[in-house]
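# What the coordinates show
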Amino acid sequence: MRLVVDLNRCQGYAQCAFLAPDVFAMHGDEGLLYDPAAEEAQRERVAQAVAACPVQAILVDEMDMAAAGRTAASGREAPHA
């Protein structure tokens, strides 16, 4: 899963770090650190973090999500880029 956080939009509310601490972490009061290639096992927590972000600064690559859905439906593993 590929993530992008608009760090210009992010206001440091830290909801993402609370909901998905293995993917997002606060550095100081306002600096956000995150894993842009989060593990698939974190998808549910990342989805919660995306929904909870008050400024909608977190984006999940939609193409990646569509490919994951097709792969799950076919029972095959998606090719890695």
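Criteria and thresholds
Residues numbered from 1 in each chain as written. Predicted model: local features only at pLDDT ≥ 70, side-chain atom pairs only at ≥ 80, totals over all residues. Heavy atoms only, no water. Helix = DSSP H or I, 4+ residues; strand = E, 2+ residues; numbered from the N terminus. Buried < 20%, exposed > 50% of the residue type's maximum accessible area, 1.4 Å probe, protein only. Contact = heavy atoms within 4.5 Å. 1 Å grid on protein atoms, 1.4 Å probe; cavity = no way out; pocket = protein on both sides within 12 Å on 5 of 7 lines; lining within 4 Å. Points joined across faces, edges and corners; volume = space filled by probe spheres on them. Nonpolar A, V, L, I, M, F, W, Y, C, P; charged D, E, K, R; others polar. Salt bridge = Lys/Arg side-chain N within 4 Å of Asp/Glu carboxyl O.

## Some thoughts on the overall build of the chain
- Secondary structure assignment for the chain yields three helices and four strands.
- Here the chain holds 81 residues, and the buried ones make up 25% of them.
- Taking contacts inside the chain between residues at least 6 apart in sequence as the whole, the part at least 24 apart equals 60%.

## Regarding empty space enclosed by the protein
- Going through the model one piece at a time under the given rule, you end up with one cavity of 30 Å³ or more.
- As a volume, the largest cavity reaches approximately 100 Å³.
- Lining the largest cavity are 15 residues, and of these Cys 10, Tyr 13, Ala 14, Cys 16 and Cys 53 sit closest to its centre.
- Its residues placed into classes, the lining of the largest cavity shows twelve nonpolar, three polar and no charged.

## A word on the pattern of salt bridges
- Within the structure shown, the criterion is met by two salt bridges.
- Between Arg 2 and Asp 61 there is a salt bridge whose closest N-O contact spans 3.4 Å. Pair noted here: Arg 2 is in the segment before strand S1 (3–5) and Asp 61 is in the loop between strand S4 (58–60) and helix H3 (62–74), with a separation of 59 residues, a long-range link.
- In this structure, Arg 43 engages Glu 40 in a salt bridge whose closest nitrogen and oxygen atoms are separated by 2.5 Å.

## Focus on unusual backbone geometry
- The phi angle at Ala 14 is positive, at roughly 70 degrees, despite the residue not being glycine.
- Secondary-structure assignment places Ala 14 in the loop between S1 and helix H1 (15–19).
- For Gln 56, which is not glycine, the phi torsion reads 50 degrees and is therefore positive.
- Its location among the elements puts Gln 56 in the loop between helix H2 (43–52) and S4.

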